[in-house]
Amino acid sequence: MQYTVRGIPRSVDRALRERARREGKSLNEVTVEALTEALGVMSESRVWRDLSDIAGTWVKDPAVERALDEQRIIDTELWK
């Protein structure tokens, strides 16, 4: 099926073009995806992850903790 759609708001055009660029897809492809999602007629079921399978599995690593601690230091000279 083909459509010609007129009067697309500039903000919608920018968002669609940005999404196409970011995802490496055609403008047509992201437009069809956006319409499909917005209308709730997804042809493929979407799998949602809540990350519960990895929650609480973090193992502290001294080297990582030191690096994170260094990143948390606030340089007061930069915040004057």
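See the structure shown above.
Being a predicted model, the structure only gives us computed values, none of them experimental.

### Here's the deal with unusual backbone geometry
Backbone geometry at L51 places phi at a positive 65°, although glycine is not the residue there. By relative accessible area, L51 is classed as partly exposed at 43%.

### A short note on the layout of surface pockets
The volume enclosed by the largest pocket comes to roughly 540 Å³. Along the walls of the largest pocket sit 18 residues, with V5, N28, T31, V32 and L35 positioned nearest its centre. When contributions to the lining of the largest pocket are tallied by element, the ones reaching two or more residues are α1 (10-23) and α2 (27-39). No other element matches the eight residues that α2 contributes to the lining of the largest pocket. Taken together, the residues of the lining of the largest pocket break down into twelve nonpolar, four polar and two charged.

### Considering the side chain of R19
Locating R19 in the fold gives a position in helix α1. The class of R19 is buried, set by a relative accessible area of 16%. A polar contact is formed between the side chain of R19 and the side chain of E37, at a distance of 3.3 Å. Each residue touching R19, except ones within four places of it in the same chain, is listed here: V30, E33, A34 and E37.

### Quick notes on the pattern of salt bridges
Once the charged atoms of two side chains with opposite charge are near each other, the side chains can pair. Under the defined criterion, the tally for this structure stands at ten salt bridges. For the salt bridge of K25 with E23, the shortest nitrogen-to-oxygen distance reads 3.4 Å. On the accessibility criterion, E23 (35% relative accessible area) is partly exposed. Between R49 and D53 there is a salt bridge, with the nearest N and O atoms lying 3.0 Å from each other. Residue R49 is classed as exposed on the basis of its relative accessible area of 56%.

### Quick word on the packing of α1 against α2
Running from N to C, α1 and α2 cross one another at 115°; their axes reach a closest spacing of 9 Å. In this view, α1 runs roughly perpendicular relative to α2, as classed from their interaxial angle. When you trace α1 past α2, the crossing you get is right-handed. Side by side, α1 and α2 meet where L16, R17, R19, A20 and E23 of the first sit next to L27, V30, T31, E33, A34 and E37 of the second. A breakdown of the residues in the contact of α1 with α2 according to their chemical character gives five nonpolar, one polar and five charged.

Conventions we followed
- Residues numbered from 1 in each chain as written.
- Predicted model: local features only at pLDDT ≥ 70, side-chain atom pairs only at ≥ 80, totals over all residues.
- Heavy atoms only, no water.
- Buried < 20%, exposed > 50% of the residue type's maximum accessible area, 1.4 Å probe, protein only.
- 1 Å grid on protein atoms, 1.4 Å probe; cavity = no way out; pocket = protein on both sides within 12 Å on 5 of 7 lines; lining within 4 Å.
- Points joined across faces, edges and corners; volume = space filled by probe spheres on them.
- Helix = DSSP H or I, 4+ residues; strand = E, 2+ residues; numbered from the N terminus.
- Nonpolar A, V, L, I, M, F, W, Y, C, P; charged D, E, K, R; others polar.
- Polar contact = N/O pair within 3.5 Å; in protein donor to acceptor, adjacent residues only side chain to side chain.
- Contact = heavy atoms within 4.5 Å.
- Salt bridge = Lys/Arg side-chain N within 4 Å of Asp/Glu carboxyl O.
- Axes fitted to C-alpha atoms, helices over the stretch in contact; angles between N-to-C directions.
- Parallel < 35°, antiparallel > 145°, perpendicular 65-115°, else oblique.
- Left-handed = near helix turned anticlockwise from the far one by under 90°.

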